[in-house]
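Given next are the chains, with one letter for each unit.
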Amino acid sequence: MGRLRRLLAPGRPKLVSLRTTFAVSFAAVTAAVTILVGILSYGSAARLVRVDQQSVFTQVVQDVRDEVRQHEMVPDDFSSSRPGHDLVRPARTDVQVLGAQGQIVDHGNPSLPVTSRDKAMALAVTAGKVVEHKDVRVDEDLFRIATVSLGDGRGAVQVAQEFSDTEDLLRALQQRTLILMAAVVVAAGLFGWWLARRITRRLVVLTSAAEDVARTRRLGIEVPVAGLDEVGRLGRAFDRMLGRLAQSEEDQRRLVQDAGHELRTPLTSLRTNISLLRRIDELPPATREELVADLTQEARELTDLVNELVDLAAGQSDTEPPQRVDLADIAEDVVGLAKRRTGREIVLRASGDTTTDGRPGMLQRALSNLVENAAKFDRGGKGPIEVDVTGPARSGTVRVEVLDRGPGIAEGDLIRIFDRFYRAADARSLPGSGLGLSIVREVAMAHGGAPFAFRREGGGAVIGFTVGGRTP
């Protein structure tokens, strides 16, 4: 917010919306392209017209020169009253005939000016000599004039081409090109604004949703963004991110609530026993021993509960990098440690390819919980605890099972034993927090697998999990 206030403070540059930036950029690019194309098009058209007019005039002059060189001609031969004179008078071309002294014997339409150079051509001895005049103004019109000598001092012929109409046409073309370019730029700006509004409309919705989350701190806001383009993908990713954050917040809330509920029982018992310590001198020796043993047991259970809560929280946000691991090797380490702790016989069987991508610390924690759970519920068991690691059950999936001959699991408890703090009726008298199997579930799901449990034939239970369905 402080940064936003600084951006909007006086003297600071104001925020420019993406819509405005996109529209202005679109209009600017279109304007640059339109102006460039317009200039190039007009230049090419004007050059072609002028070159064409020059070619026509040059050809007319050349025809006159060839005529007077091949035939001995006099001014009367070019008189407008003689038949065939139109052969040297094409459209937009004027012809004027000069006599031997340079005087006009047949006026053009309009009359063309006669200079000393033109009179010199009339007196020239050689036929076909030419003198040219450019940009000669006659009655507000511009002409290009060429004077061709008839030879032997017989006179000359002036051929003129009007090009003011051509320039007027080019000026009109220039004006129309400018008007068209302006119209295209305006249309491009309007279209760019419409397109920017259409494209950024979903971004505005996303921005509004993000601002609502920041303002209200509610993660359950729905993001109504559709489409298959990058904006649609961004909207769906944002929606999934909010869902994951909401789920994480809910998991944390439930964890705190459940932990608080479970911690009250041992803390209440500890508080009661501590209050008895004030009268410990009045108690008989047997009661004292029982009180100390009870305190020790409560402290141990409280420690185990706190450790498992820490393990569960660590499992939810584990930053241990995934790597290629062999579950059979992990199971071997777990079995060796459990044998030393419990003194029980534990049999490990491994078959198939038991390697997968995973976090070894999390997998070892889950497997240790299963083995310790089996040892706890099968205290008086005469048969060994069995650990089976099999892979792959299906493409890339490894299955871990721990089998015991304990009292088994009631049918109604099978679907709930992986819930946090859930303890079956037969297990409530035993030490434990009810978090061990929930940690197993978290680890299995984090590795693309799932936990499972069922009653073992002949008595006991089979509890385990699968991993390897996807890369963690």
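The text that follows walks through the structure, step by step, so that each part is easy to find. All chains use their own residue numbering, which begins from 1 and follows the written sequence. In view of the model being predicted, local features appear only for residues whose pLDDT reaches at least 70, and side-chain atom pairs are presented and counted only at 80 or more, with totals across whole chains, interfaces and linings using the full set of residues. Side-chain metrics rest on all non-hydrogen atoms present in the structure, leaving aside hydrogens and water.

Notes on the overall build of the protein
Where we set the bar: Each helix is a run of H or I in the DSSP string that is no shorter than four residues. Each strand is a run of E no shorter than two, and both are numbered from the N terminus. Buried means the residue's accessible area, taken with a 1.4 Å probe over protein chains only, is under 20% of the maximum for its type, while exposed means over 50%, and partly exposed covers the values in between. Should any heavy atoms of two residues lie within 4.5 Å, those residues are counted as being in contact. All accessible areas in this document rest on Shrake-Rupley with a 1.4 Å probe, and a residue is counted as covered only by the protein chains that are shown.
Looking only at helices and strands, the protein has nine helices and 12 strands in total. Burial statistics for the protein: of 472 residues in total, 37% are counted as buried. Residue pairs in contact within the protein that sit at least 24 positions apart in sequence constitute 63% of those at least 6 positions apart. Total accessible area on the protein is roughly 27700 Å²; 55% of this is exposed by carbon and sulfur atoms.

Examining the sheet that holds strand β10 (residues 398–404)
The strands making up a sheet are joined through hydrogen bonds of the backbone, oriented either antiparallel or parallel. Under the convention used in this document: Criterion used throughout: strands pair if DSSP finds at least two bridges between them. An axis is simply a line fitted to the C-alpha atoms; with a helix, the fit covers only the stretch in contact. Between two such axes, the angle follows the N-to-C directions and lies from 0 to 180 degrees.
With mixed pairing, five strands are arranged side by side in an open sheet as β7-β9-β10-β12-β11. The sheet is open, and its two edges are formed by β7 (346–352) and β11 (451–455), each paired on a single side. Averaged over neighbouring strand pairs, the angle between their axes works out to 15 degrees when direction is ignored. Note that β10 and strand β12 (residues 461–467) share seven bridges and pair antiparallel.

Details of the sheet that holds strand β1 (residues 93–98)
In space, the five strands of this open sheet follow the order β2-β1-β5-β4-β3, with antiparallel pairing throughout. Because the sheet does not close on itself, it has two edges, and the strands there are β2 (104–106) and β3 (130–138). Pairwise comparison of adjacent strand axes, ignoring direction, gives a mean angle of 30 degrees for this sheet. Summarising the sheet, β3 and strand β4 (residues 141–149) pair through seven bridges and their orientation is antiparallel. Within the sheet, the bridge partner assigned to V130 lies in β4 and is V148.

Digging into a nonpolar patch on the surface
For clarity, the threshold we go by: Within this analysis, patches are made of residues with over 30% relative accessible area and no salt bridge. Like charges are joined at 9 Å or less; nonpolar side chains (Val, Leu, Ile, Met, Phe, Trp, Tyr) at 5 Å or less. Definition used for salt bridges: Asp or Glu carboxyl oxygen within 4 Å of a side-chain nitrogen of Lys or Arg.
Together, V29, V33 and V37 make up a nonpolar patch on the protein surface, roughly 260 Å² of accessible area in all. Position of V29 relative to the elements: it lies in helix α2 (residues 18–70). According to the relative accessible area criterion, V29 is exposed, its value standing at 55%.

Notes on unusual backbone geometry
Each neighbour pair has its own omega, and for N109 with P110 the value is 5 degrees, a cis peptide bond. Mapped onto the elements, P110 comes out in the loop between β2 and α3 (116–122). With a phi angle near 55 degrees, D152 is a residue other than glycine that sits in the positive phi range. Here D152 is to be found in the loop between β4 and β5 (156–162).

Considering the pattern of salt bridges
All chains considered together, the criterion is met by eight salt bridges. Salt-bridge contacts for E386 lead to R349; the nearest nitrogen and oxygen are separated by 2.7 Å. In this pair, E386 sits in strand β9 (residues 385–391) while R349 sits in strand β7, placing the two residues 37 residues apart along the sequence. Residue classification places E386 among the buried positions, given a relative accessible area of 16%. The partner of R441 in a salt bridge is E442, and the shortest N-O contact between them spans 3.5 Å. Through salt bridges that share partners, R349, E386, D388 and R456 make up one connected network.

So, helix α9 (residues 436–446)
Where burial is concerned, most of α9 is hidden: nine out of the 11 residues are buried. Among the residues of α9, those classed as buried are G436, L437, S438, I439, V440, R441, E442, V443 and A444. The first or second residue beyond α9 is G448, which carries a positive phi of 75 degrees.

A short note on the side chain of H447
This is how it is decided: N or O atoms closer than or at 3.5 Å make up a polar contact, with two conditions inside protein: a donor-capable atom paired with an acceptor-capable one, and, for residues adjacent in sequence, both atoms drawn from side chains.
Mapped onto the elements of the fold, H447 is located in the loop between α9 and β11. From its side chain, H447 meets the backbone oxygen of V443 in a polar contact 2.9 Å long.

Quick notes on the packing of aromatic side chains
Our working rule: Two aromatic rings, drawn from Phe, Tyr or Trp (for Trp, its six-membered ring), form a pair once their centres lie within 6.5 Å of each other, and the interplanar angle then sorts them: stacked below 30 degrees, edge-to-face above 60, tilted otherwise. Counting as a charge over the ring demands two things of the Lys NZ or Arg CZ atom: a distance within 6 Å of the ring centre and an angle within 35 degrees of the ring normal.
A complete count under the given rule lists two aromatic pairs for this structure. The ring of F452 has R399 sitting right over it, with the charged end atom 3.9 Å from the ring centre.

Side note on the nonpolar core
Heads up, the condition is: Put simply, buried Ala, Val, Leu, Ile, Met, Phe, Trp, Tyr and Cys residues joined by side-chain atoms within 4.5 Å make one nonpolar core.
Core analysis: the largest hydrophobic core is formed by 35 residues, its most contacted members being L327, L363, V387, V402, I463 and F465. Elements that contribute at least two residues to this core include exactly α7 (327–342), α8 (360–377), β9, β10, α9 and β12. Examining the composition of this core, we find that eight residues originate from one element, α8, more than from any other. In contact with V387, not counting residues within four places along its chain, are A331, V335, I346, V347, L348, R349, V371, E401 and V402. Ranked by size, the runner-up nonpolar core spans 14 residues in total, among them V60, F78, V95 and A146.

A closer look at the environment of N373
Within the element layout of this structure, N373 appears in helix α8. The exposure class of N373 is buried, given its relative accessible area of 17%. Placed 63 residues apart in sequence, N373 and G436 show a C-alpha to C-alpha distance of 7.7 Å. In this structure, N373 is in contact with L437 and I463, ignoring residues within four places of it in sequence.

Without other data, these values stay purely geometric and don't point to any function.
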